[in-house]
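Each chain, written out:
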There are 4 protein chains.
Amino acid sequence: MALVFEHDVNVRWRDSDALGHVNNAVYLTYLEEARDAFYLRTMGDPIYVIVRLEIDFRAEVRYADRTVRVEIAVERLGTTSLTTSETLRTAAGEIAAEARVVTVRWDPDSRAAVPFSDEQRAGLTEYAQ
Amino acid sequence: MALVFEHDVNVRWRDSDALGHVNNAVYLTYLEEARDAFYLRTMGDPIYVIVRLEIDFRAEVRYADRTVRVEIAVERLGTTSLTTSETLRTAAGEIAAEARVVTVRWDPDSRAAVPFSDEQRAGLTEYAQ
Amino acid sequence: MALVFEHDVNVRWRDSDALGHVNNAVYLTYLEEARDAFYLRTMGDPIYVIVRLEIDFRAEVRYADRTVRVEIAVERLGTTSLTTSETLRTAAGEIAAEARVVTVRWDPDSRAAVPFSDEQRAGLTEYAQ
Amino acid sequence: MALVFEHDVNVRWRDSDALGHVNNAVYLTYLEEARDAFYLRTMGDPIYVIVRLEIDFRAEVRYADRTVRVEIAVERLGTTSLTTSETLRTAAGEIAAEARVVTVRWDPDSRAAVPFSDEQRAGLTEYAQ
């Protein structure tokens, strides 16, 4: 049975903008925090680059939420690329955003994409939908 | 002939992360700066909410760029919603990101979507692709 | 015996800049997160404005710290103003920064300073050095 | 006669918080943008670390300001350290903040303070108050 990775992120006062809710760009920071933790768990380090991101904004997040939760599942696993399905939930459990994110495993020295190892593929497959 | 709206954004030192390039979430801030200016130009104020965003990351932006340019065109104009095609370029003119963004014209008092006026529709249509 | 208020803040990847450490402006965000929690605890809401801040930067914070701790004590309690002594510590307990911050209790409706109530003064006094 | 270095910074929508004004931590980002430009002008690169900062917040900055101005003067020039007096002004010219900032010229390879060269000292002295 497929696992879903869950990670909580604390909402900061600084995350809100003058409309009184968390700014849209900060949603990507919340997702990034959770994705870094997911990479760390399944691959030992959070070194990747994002190549594509789609996000549907469903509900506001507010400072009063204090904590939001991100759920991550693996949608597609390529040789060097990973497509994740990422859901952001408010403190009440409501869906605030749904995203699909394509990342590529990265070698910072050669500045090039690198294939996932067999062990990493096994770890990621546990979260395949 | 269709117009393309152009807006320059200054890159700040704070925009970069520990990989030495501008963080992915900040790309949305660059787009937002330009989109706010576009709304201001065509509608008189930048009051809207984002409902969907797709972005392809094509190239890094660095502090040394100092300024990036955003180009905005209208892809689809609905009753209350607007789909824009947004291109982010580095100082050298290279495409750093391409985005499609769906926004909805917003009434902050009723917290609901509102239709564009005829005058606003005329202004937006000048930028239709 | 005087209490010291303690509050932990999670370090985000986004907090670092191109020098690979947490950017100086983010130190103020860490202090703000803790101060908001302190105001909430002692006054029921975090509504205040900052009028003065002094900060000595002692050590770097890095993403690898994952969590930093802020300690807050009351240095001086005026009619409408509060001077706090705020210490930021790395995950290893090292002092990353020491700050003295003067805030003023604020009424957002009248946009003016307001005196602390007797009950608020009693709560704040428990943290007096 | 002493020069004052001036640098304009564009205000972004993202700079504001839920109180509808620019967040206090962002004031440090505005000062940093100007200080980086000042270091670049007088020393050829903006490589330094901040060791101490004092700031008095005098007035709000709002998104409607669109641009703020930072003025920088040299208050004290040491062997490896520089004390600057930094003033942030709203679009209307009102003082939003006054800061005194101590920075140290930094060698990122040895991770240690390095003395200013004679040429750098000459350049900085032009801005001495």
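Residues numbered from 1 in each chain as written. Chains lettered and ligands numbered in written order. Predicted model: local features only at pLDDT ≥ 70, side-chain atom pairs only at ≥ 80, totals over all residues. Heavy atoms only, no water.

Comments concerning the overall build of chain A
Next up, step 1: Secondary structure summary: chain A contains two helices and six strands in total.
Next up, step 2: Secondary structure elements of chain A occur, N-terminal to C-terminal, as β-α-β-β-β-β-β-α.
Next up, step 3: On C-alpha atoms alone, chain A measures out to a radius of gyration of 15 Å, which is about the 14 Å that the 2.2 N^0.38 rule sets for 129 residues.
Next up, step 4: For chain A, the spread of C-alpha atoms along the three principal axes comes to 45 × 35 × 20 Å.
Next up, step 5: Contacts in chain A between residues far apart in sequence, at least 24 positions, make up 66% of those at least 6 positions apart.
Next up, step 6: A total accessible area of about 5400 Å² is found for chain A, and carbon and sulfur atoms account for 48% of it.
Next up, step 7: Taken as two groups, the 15 positive and 22 negative side-chain charges of chain A have centres that lie 2 Å from each other. (Helix = DSSP H or I, 4+ residues; strand = E, 2+ residues; numbered from the N terminus. Rg over C-alpha atoms; globule rule 2.2 N^0.38 Å. Contact = heavy atoms within 4.5 Å. Areas by Shrake-Rupley, 256 points an atom, 1.4 Å probe, with all protein chains shown as cover. Lys, Arg positive; Asp, Glu negative; His and termini not counted. Charge placed at Lys NZ, Arg CZ, Asp CG, Glu CD.)

Structural notes on the interface of chain C and chain A
Next up, step 1: Opposite the 15 residues of chain C that make contact, chain A presents 15 residues.
Next up, step 2: When chain C packs against chain A, close to 1300 Å² is buried across both sides, 40% of that on carbon and sulfur atoms.
Next up, step 3: A salt bridge links A:Glu33 to C:Arg66, with the shortest nitrogen-to-oxygen separation between them at 3.8 Å.
Next up, step 4: Taken together, the links from chain C to chain A amount to six residue pairs in polar contact (both at pLDDT 80 or more).
Next up, step 5: When residues of the side of chain C that touches chain A are traced back to their parent elements, those giving at least two are β1 (5–10) and α1 (24–43) of chain C.
Next up, step 6: Sorting elements by how many residues they give to the side of chain C that touches chain A places α1(C) first, with five residues. (Buried area = accessible area lost by both parts, 1.4 Å probe. Salt bridge = Lys/Arg side-chain N within 4 Å of Asp/Glu carboxyl O. Polar contact = N/O pair within 3.5 Å; in protein donor to acceptor, adjacent residues only side chain to side chain.)

Comments concerning the relation of the copies chain C and chain A
To go from the first copy of the chain to the second, apply a rotation about an axis and then a shift along the same axis.
Next up, step 1: Once turned by 180° and shifted 0.0 Å along the axis, chain C lies on chain A with an RMSD of 0.0 Å. In short, the pair behaves as if placed about a two-fold rotation axis. Taking C-alpha positions as reference, the residue of chain C nearest the rotation axis is C:Asn10, located at 3.7 Å.
Next up, step 2: A high fraction, 100%, of the interface residues of chain C reappear at the interface in chain A, so the copies pair face to face through one surface. (Least-squares fit on C-alpha atoms with pLDDT ≥ 70 in both.)

Some thoughts on the packing of helix α1 (residues 24–43) of chain D against helix α2 (residues 118–125) of chain D
Residue and element names in this part refer to chain D.
Next up, step 1: Closest axis-to-axis distance for the α1/α2 pair is 8 Å, and the angle between their directions is 125°. Taken together, α1 and α2 sit at an angle that is classed as oblique. Residue-level contacts link Phe38, Thr42 and Met43 of α1 to Gln120, Gly123 and Leu124 of α2.
Next up, step 2: Considered class by class, the residues forming the contact of α1 with α2 number three nonpolar, three polar and no charged. (Axes fitted to C-alpha atoms, helices over the stretch in contact; angles between N-to-C directions. Parallel < 35°, antiparallel > 145°, perpendicular 65-115°, else oblique. Nonpolar A, V, L, I, M, F, W, Y, C, P; charged D, E, K, R; others polar.)

Observations concerning α1(C)
Residue and element names in this part refer to chain C.
Next up, step 1: With 20 residues, α1 should reach 28 Å at 1.5 Å per residue; the first-to-last C-alpha distance of 28 Å fits that figure.
Next up, step 2: Counting buried residues in α1 gives 18 out of 20 residues, a clear majority hidden from the surface.
Next up, step 3: If you check the start of α1, you find a side-chain oxygen 3.0 Å away from the backbone N of alanine 25, and it comes from asparagine 23.
Next up, step 4: Looking one or two places after α1, you find glycine 44, whose phi comes out positive at around 90°. (Expected span 1.5 Å × (residues − 1). Buried < 20%, exposed > 50% of the residue type's maximum accessible area, 1.4 Å probe, protein only.)

Some words on the relation of the copies chain A and chain B
Next up, step 1: Rotating chain A by 180° and translating it 0.0 Å along the rotation axis places it on chain B, where the RMSD comes to 0.0 Å.
Next up, step 2: The share of interface residues of chain A whose copies in chain B are also at the interface is 100%, consistent with both copies meeting through the same surface.

Notes on the interface of chain A and chain B
Next up, step 1: Every contact between the two is made by 17 residues of chain A and, on the other side, 17 residues of chain B.
Next up, step 2: Interface area, chain A with chain B, both sides summed: about 1800 Å², of which 44% is carbon and sulfur.
Next up, step 3: One can count six salt bridges joining chain A with chain B.
Next up, step 4: Where A:Arg52 meets B:Asp56, a salt bridge forms, and the shortest distance between an N and an O atom there is 2.8 Å.
Next up, step 5: Linking chain A with chain B are 14 residue pairs in polar contact (both at pLDDT 80 or more).
Next up, step 6: Counting only elements with at least two residues in the side of chain A that touches chain B, the list comes to α1 (24–43) and β2 (48–57) of chain A.
Next up, step 7: Here the side of chain A that touches chain B gets eight residues from one element, more than from any other, and that element is β2(A).
Next up, step 8: Along the lines of polarity and charge, the residues of the side of chain A that touches chain B split into seven nonpolar, three polar and seven charged.
Next up, step 9: Sheet topology places β2(A) next to strand β2 (residues 48–57) of chain B; five bridges connect them, and they run antiparallel. (Pairing = 2+ DSSP bridges.)

A short note on the pairing of strand β3 (residues 67–77) of chain C
Residue and element names in this part refer to chain C.
Next up, step 1: Here six bridges tie β1 to β3, and the two strands are oriented antiparallel to one another. Residue pairing for β3: phenylalanine 5 is matched across the bridge by isoleucine 72.
Next up, step 2: Two strands pair when backbone bridges link them, and β3 and strand β4 (residues 81–89) are joined in this way by eight bridges, in the antiparallel orientation. The residue bridging valine 74 from the neighbouring strand is threonine 84, located in β4.
Next up, step 3: Hairpin remark: β3 followed by β4, antiparallel, with three residues in the connecting loop.

Describing the confidence of the model for chain A
Should pLDDT be low for a region, the predicted coordinates there are not to be read in detail.
Next up, step 1: Counting all residues, the mean pLDDT for chain A is 95, and 99% of those residues have values of 70 or more.
Next up, step 2: Here the prediction assigns the complex a pTM of 0.95, and the interface score ipTM is 0.94. (pLDDT = per-residue confidence, 0-100.)

Considering unusual backbone geometry
It is generally the case that most residues other than glycine have a negative phi and that most peptide bonds are trans.
Next up, step 1: Positive phi, normally seen in glycine, also occurs at A:Arg111, with a value near 50°.
Next up, step 2: As for its placement among the helices and strands, A:Arg111 is situated in the loop between β5 (95–107) and β6 (112–113).

A short note on the pattern of salt bridges
Residues and elements named next belong to chain D.
Next up, step 1: Going through the model one piece at a time under the given rule, you end up with 60 salt bridges over all chains.
Next up, step 2: One salt bridge in this structure joins aspartate 8 and arginine 69, with 2.8 Å as the shortest N-O distance. With aspartate 8 in strand β1 (residues 5–10) and arginine 69 in strand β3 (residues 67–77), this residue pair connects regions lying 61 residues apart in the sequence.
Next up, step 3: For aspartate 8, a relative accessible area of 37% corresponds to the partly exposed category.
Next up, step 4: In this structure, glutamate 54 and arginine 100 form a salt bridge, with 3.1 Å as the shortest nitrogen-oxygen distance. Of this pair, glutamate 54 sits in strand β2 (residues 48–57) while arginine 100 sits in strand β5 (residues 95–107), and the two are 46 residues apart along the sequence.

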